[in-house]
Amino acid sequence: HSVAVLGAPFSKGQKRRGVEHGPKAIRDAGLIERLSNLDYPVHDFGDLSFQYLEKDEPYMHVPFPRTVGRANKLLSGAVRNAVGAGHTTIMLGGDHSLAIGSVEGHARQCPDLCLIWVDAHADINTPLTSPSGNLHGQSVAFMLKELQNKMPELPGFSWMKPFLSAKDLVYIGLRDVDPGEYDILKDLGVQYFTMRDIDRLGIQRVMEVTFDHLLSRKQRPIHLSFDIDAMDPSLAPATGTPVNGGLTYREGIWITEEIHNTGLLSVMDLVEVNPDLGASREAVASTASMAVDVIASSLGQTREG
Ligand SMILES: N[C@](CCCC[B-](O)(O)O)(CCN1CCCCC1)C(=O)O
Ligand SMILES: [Mn+2]
Ligand SMILES: [Mn+2]
């Protein structure tokens, strides 16, 4: 079937400028050409245009709630339409707050989806536990039904309600988890693999256990939300919250090859590429190239020809 590419140039889920240029950096690294070499039609939907609301006072210590909420409402509709049209959909961020709209829109079309979150961070703070207030560190908390009694009514988010169960989520690559997030992960019994777990088990076993956890009872659509900061900063330096000790190139590509081989990938986010944060043009180019390799591998590019 066909692939849709959707650019989401948005940055208000966090405070560092530049991540809104992520989609352009990934495209400039040759994404469309690389996908066209694979054997299905590619539809580039271009970039969404987001409204930046001028009057958008913080709620508690959460900045830009209305702007982030509105952006995700728009993105939700776009992803829902792309999936509904039969496309495997690639959302290019932009910061990780965009996963709220991407996964929500996907879930409206595919309510039985499961979510694989590849990231150095859990992004599961509530507004009450968040150390920064930044919504890119809270995306998963907005999705989970089990957390709705812990979530305040944020202005800008009345268009959605939680839609995901904790058992339908697996994390891979965690290495910078806040205390409040750790408590939530333990309380909810979320399945997660830290970089230490990957060192102990190896990435092949991690993927076997991930698919057993998510797919053994029944096959269903996969939403892959891939934060480029899951990769080691030596491979993806141009990102807002780099953390040492990340995935090797081969671990990252093993993850995406195995997800492709399930035949169940339905929507993928590739977020947090910030071309303004590379120390050199080479650093930006290697980060964007890493993003293209992750996406192409998720869509069937192989290392064996
Ligand atoms: N957990 C953090 C980082 C969120 C990163 C979002 B992502 O994954 O999309 O890039 C805070 C991390 N931590 C705060 C204390 C000092 C060290 C960093 C937060 O701000 O919630
Ligand atoms: Mn993230
Ligand atoms: Mn991250």
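Residues numbered from 1 in each chain as written. Chains lettered and ligands numbered in written order. Predicted model: local features only at pLDDT ≥ 70, side-chain atom pairs only at ≥ 80, totals over all residues. Heavy atoms only, no water.

## Observations concerning the overall build of the chain
- Along the backbone of the chain there are 10 helices and eight strands.
- Relative to a compact globule of 305 residues, whose C-alpha radius of gyration would be 19 Å, the chain shows 17 Å and is just as compact.
- Its C-alpha atoms give the chain principal-axis dimensions of roughly 50 × 40 × 40 Å.
- Put simply, the chain has 305 residues, and 59% of those count as buried. (Helix = DSSP H or I, 4+ residues; strand = E, 2+ residues; numbered from the N terminus. Rg over C-alpha atoms; globule rule 2.2 N^0.38 Å. Buried < 20%, exposed > 50% of the residue type's maximum accessible area, 1.4 Å probe, protein only.)

## Notes on the coordination of the manganese ion (ligand 2)
- All of the protein donors around the manganese ion (ligand 2) are His96 (ND1), Asp119 (OD), Asp123 (OD) and Asp227 (OD); their distances to the metal are 2.1 to 2.2 Å.
- Classification of the site at the manganese ion (ligand 2) as irregular follows from its six donor atoms and the range of 60 to 171° in their angles at the metal.
- In the primary sequence, the donor residues of the manganese ion (ligand 2) line up as H-x22-D-x3-D-x103-D. (Donors = N, O, S within 2.8 Å, 3.2 Å for Na, K, Ca; no water. Tetrahedral: all angles 85-135°; square planar, octahedral: opposite > 155°, others 65-115°.)

## Overview of the packing of helix H8 (residues 203–215) against helix H9 (residues 249–262)
- Viewed as axis vectors pointing N to C, H8 and H9 meet at an angle of 35°, and their least axial separation amounts to 10 Å. Every pair of crossing elements has a handedness; the one defined by H8 and H9 is right-handed. For the pair H8 and H9, the contacting residues are Ile203, Gln204, Met207, Phe211 and Leu215 in the first and Glu251, Trp254, Ile255, Glu258, Ile259 and Thr262 in the second.
- By residue class, the composition of the contact of H8 with H9 is seven nonpolar, two polar and two charged. (Axes fitted to C-alpha atoms, helices over the stretch in contact; angles between N-to-C directions. Left-handed = near helix turned anticlockwise from the far one by under 90°. Contact = heavy atoms within 4.5 Å. Nonpolar A, V, L, I, M, F, W, Y, C, P; charged D, E, K, R; others polar.)

## Details of the pattern of salt bridges
- Tallied over the entire structure, the rule returns 12 salt bridges.
- Measuring nitrogen to oxygen at the nearest pair gives 2.4 Å for the salt bridge that ties Lys24 to Asp28. One end of the pair, Lys24, and the other, Asp28, are both in helix H1 (residues 22–28), four residues apart, so they sit about a helical turn from each other. The same class applies to Lys24 and to Asp28, which are both exposed. (Salt bridge = Lys/Arg side-chain N within 4 Å of Asp/Glu carboxyl O.)

## Some remarks on the site of ligand 1
- In the vicinity of ligand 1 lie 16 residues, with Asp123, Ser132, Asp178, Asp227 and Thr241 positioned nearest.
- With respect to ligand 1, the side chain of Asp123 contributes an N or O atom lying 2.7 Å from an oxygen atom.
- The fraction of the free accessible surface of ligand 1 (520 Å²) that becomes covered by protein chains is 74%.
- Mapping ligand 1 onto the cavity grids shows that it belongs to the largest pocket.
- Across the shell around ligand 1, the residue classes break down as one nonpolar, seven polar and eight charged. (Near = heavy atom within 4 Å. Polar contact = N/O pair within 3.5 Å; in protein donor to acceptor, adjacent residues only side chain to side chain. Areas by Shrake-Rupley, 256 points an atom, 1.4 Å probe, with all protein chains shown as cover. 1 Å grid on protein atoms, 1.4 Å probe; cavity = no way out; pocket = protein on both sides within 12 Å on 5 of 7 lines; lining within 4 Å. Sits in = over half its atoms within 2 Å of the grid points.)

## Description of the sheet that holds strand E4 (residues 114–118)
- Taken in spatial order, the eight strands make up an open sheet running E2-E1-E3-E8-E7-E4-E5-E6, and their pairing is parallel. Single-partner strands in this sheet number two, and they are strand E2 (42–47) and strand E6 (191–194). Neighbour to neighbour, the strand axes of the sheet diverge by 10° on average, direction disregarded.
- Pairing of strand E3 (residues 88–92) with strand E8 (residues 265–271), which is carried by four bridges, proceeds in the parallel orientation. Note on E8: the bridge partner recorded for Ile90 is Met268.
- Sheet strands touched by helix H4 (residues 99–109): E3, E4, strand E7 (222–227) and E8. Its angle to E8, the strand with the most contacts, is close to 175°.
- The strands touched by H9 are E4, strand E5 (169–174), E7 and E8; relative to E7, the strand with the most contacts, the crossing angle is about 165°. (Pairing = 2+ DSSP bridges.)

## Describing the coordination of the manganese ion (ligand 3)
- Within the protein, Asp119 (OD), His121 (ND1), Asp227 (OD), Asp229 (OD) and Asp229 (OD) serve as the donor atoms for the manganese ion (ligand 3), at 2.1 to 2.5 Å.
- Of note, the manganese ion (ligand 3) draws all its donor residues from one chain, in the sequence arrangement D-x1-H-x105-D-x1-D.

## Concerning the layout of surface pockets
- Volume-wise, the largest pocket comes out at about 330 Å³.
- Around the largest pocket, the lining comprises 24 residues; the ones closest to its centre are His121, Ser132, His136, Gly137 and Thr241.
- In terms of residue class, the lining of the largest pocket is made up of three nonpolar, 11 polar and 10 charged.
- Looking at the lining of the second largest pocket residue by residue, the classes come out as eight nonpolar, two polar and two charged. (Points joined across faces, edges and corners; volume = space filled by probe spheres on them.)

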